[in-house]
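Residues per chain are reported as follows:
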Amino acid sequence: MKLRRADLLSGVAAPILLCLVVLIGWQSYVWISDIRPQVLPGPIRIVRESIESADVIVGHVGVTMSEVAGGFAISICGALLLGLLIDLSTPLRRAVYPLIVASQTVPIPVIAPLMVVWFGFGIVPKIIVIGLFTFVPVVLGFAAGLAATERSATDLMRTFGASRWQLYRYVKIPAALPDLFTGLRVGAIYAVLGAIFGELAGAVDGLGIFMEQQRQSFRTDLVFGGIFVVTALSYALFLAVVLTERLLTPWRFDRREP
Amino acid sequence: MLALRDVAKTYDSGNTHALDDVSLAVGDGEFVALVGPSGCGKSTLLNLIAGLDTPDDGEILVDGQALDAEQRLARFGYMPQEDLLFPWRSVLDNVSLGLEVQGLPRAAARERALAQFETFGLAGFEDRRPRELSGGMRQRAAFLRTVLLDRPFLLLDEPFGALDAITRAQLQTWLSEMLAEMWAQSRGSALLVTHDPQEAVTLADRVYLMSPRPGRITSVIDVDLPRPRSEAATTSEHAHRLIDELRRQTEQTALAP
Ligand SMILES: Nc1ncnc2c1ncn2[C@@H]1O[C@H](COP(=O)(O)OP(=O)(O)OP(=O)(O)O)[C@@H](O)[C@H]1O
Ligand SMILES: [Mg+2]
């Protein structure tokens, strides 16, 4: 899994470079226009003030990330199970697909406060909102991967005398992993955002609460600090998924020459 | 011994007439080839025999008994048209997959497979991924996977169809020698599907010719060449006459209304 130099340049250096260009442009604009920091703080101020409040932010990160860990994990487990069941039963698939699509049309900011009414200020509404954001891409990816197994591969396994479970274990599940991970990557991007939406609907702490409090006290710099942290966390989760993908499906990445 | 009686098969609720009244027989120790144009139902026929599908009509007898599809599944060593080596398994794990599925512990399955790697020209490639193998090696790996199941009756679906001419000729000779060796120890039979008359004459004792869809048997030709099939035998005057005869009949049935 060695990165070649060309990969390194285009894969890591290029996005960092673009980021830097944007930040420098932003900071220059703030300096030149002399805009008030309550309206638009520059990146230097954002970073400085965020470091100042690092203790507080880290506490909120802990709360949000435990929601993300719990919510995403439960969502993934549910999606894997439902994906399997959908593949095993055509009537179930027909029954469930419209619901899956419908679930993506639910206006989350409207429904989330209701969940707080139903389930209180605890972690349950956050887990549900994270689920609403992440469950569908994972279940659709997994089910699509399972369904794409070639008939001829199934036939070969049948001549071996494979049971249904063996067919899944040796062929269908490994064959579905690439599609599953496509779904997981999408899910990872939205998981932290889901937790923020859940917190905004009603919570005592977490990054969503932190940002909302700072906005109300006109600390726009710390609002941006929160946004940066949310982005960084989402990105870290995304990278964790990509790394897991490399570990679990090595055959798609090792390009050893014969 | 395998016998088919008036086997018929349609797809798409009767709209695609794949096979029509196919009758043929493969005796113990016989190597029989089935030659026909693309799409005439050769793979369909092998799938029916292997028990992967049920015929709409007719009977499939194994050792004189009419077995249903479920029973036939365990009787044949089936080598599908594509090599179907799974990219997530190493070559060795692919080859031993059948044994593993049949309940042998993984280590034992790998050991049994490994013992044959030398013979099958796969030594040194145990831990490679299938895509790192040449086309010829992939076919040998797929063949080894089939043979390891220890089923005396082999169903081979165009095993060399995707190979270049030279590799194909090499593998034909190789297969012929392998089977001669294997069958010297314990008798087996094979039904080989191909669209190549030359391949059929090189390998088989008897050749059935199939018409374009709906596939039916149009003629049978005995290949009375000596065994083992030396290069002299398969390139002899007589062999060429048989090949030409097969070609002529293939073209004739293709042109027939
Ligand atoms: N599962 C299926 N559903 C519908 N039609 C099928 C199915 N399997 C095969 N057919 C049709 O039956 C006919 C025979 O197919 P088959 O694969 O047996 O041909 P073949 O002789 O093996 O061809 P080739 O030499 O190209 O492999 C084709 O017209 C094919 O489209
Ligand atoms: Mg075919």
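Residues numbered from 1 in each chain as written. Chains lettered and ligands numbered in written order. Predicted model: local features only at pLDDT ≥ 70, side-chain atom pairs only at ≥ 80, totals over all residues.

Colleague: An account of the sheet that holds strand E4 (residues 57-62) of chain B is needed here, citing residue identities and associated values.
Modeller: What links the strands of a sheet is backbone hydrogen bonding, and the strands pair in either a parallel or an antiparallel sense. Residues and elements named next belong to chain B. As summarised here, the arrangement of the four strands in space is E2-E1-E4-E5, forming an open sheet in which the pairing is antiparallel. Edge positions in the sheet fall to strand E2 (16-26) and strand E5 (65-66), since each has one partner strand and no second. Pairing geometry for E4 and E5, over two bridges, is antiparallel. Within E5, the residue paired with Leu61 across the bridge is Ala66. (Pairing = 2+ DSSP bridges. Helix = DSSP H or I, 4+ residues; strand = E, 2+ residues; numbered from the N terminus.)

Colleague: Got a sec to walk through the site of ligand 1? Specific residues and values, please.
Modeller: Residue and element names in this part refer to chain B. The full set close to ligand 1 counts 15 residues, and Tyr11, Ser38, Lys42, Ser43 and Thr44 are the nearest of them. Secondary structure elements with two or more residues in the shell around ligand 1: E2 and helix H1 (42-50). With three residues, the top contributor of residues to the shell around ligand 1 is H1. Partitioning the shell around ligand 1 into residue classes produces three nonpolar, nine polar and three charged. (Near = placed C-beta within 6 Å. Nonpolar A, V, L, I, M, F, W, Y, C, P; charged D, E, K, R; others polar.)

Colleague: How would you summarise unusual backbone geometry if you had to cite specific residues and measurements?
Modeller: All names here are of chain B. Each neighbour pair has its own omega, and for Arg213 with Pro214 the value is -5 degrees, a cis peptide bond. Arg227 connects to Pro228 through a cis peptide bond whose omega is -5 degrees. Relative to the helices and strands, Pro228 resides in the loop between strand E10 (217-222) and helix H9 (231-234). The phi dihedral of Leu84 is positive, around 50 degrees, even though this residue is not glycine. Looking at the element boundaries, Leu84 is found in the loop between strand E6 (76-79) and helix H3 (91-95).

Colleague: Give me the domain arrangement of chain A: which residues, what numbers.
Modeller: Residues and elements named next belong to chain A. Per the domain assignment, the segments of chain A are domain 1 (1-34) and domain 2 (40-252). In this structure, domain 1 and domain 2 have C-alpha centres spaced 27 Å apart. Listed per partner, the contact involves six residues of domain 1 and five residues of domain 2. Grouping the constituent residues of the side of domain 1 that touches domain 2 by class yields five nonpolar, one polar and no charged. (Domains from an automatic or database assignment. Contact = placed C-beta atoms within 7 Å.)

Colleague: So what about the interface of chain B and chain A? Which residues, and what values?
Modeller: On the chain A side, the residues contacting the 19 residues of chain B number 17 residues. Contributions of two or more residues to the side of chain B that touches chain A are made by E6 and helix H4 (97-101) of chain B. No other element matches H4 of chain B, which puts three residues into the side of chain B that touches chain A. Taken together, the residues of the side of chain B that touches chain A sort by class into 13 nonpolar, two polar and four charged.

Colleague: Run through the sheet that holds strand E8 (residues 189-194) of chain B, naming residues and quoting values.
Modeller: Residues and elements named next belong to chain B. The mixed open sheet is built from six strands, whose spatial order is E6-E7-E8-E3-E9-E10. At either margin of the open sheet sits one strand with a lone partner, and together these are E6 and E10. Pairs of neighbouring strands in the sheet enclose a mean axial angle of 15 degrees, with direction left out of account. (Axes fitted to C-alpha atoms, helices over the stretch in contact; angles between N-to-C directions.)

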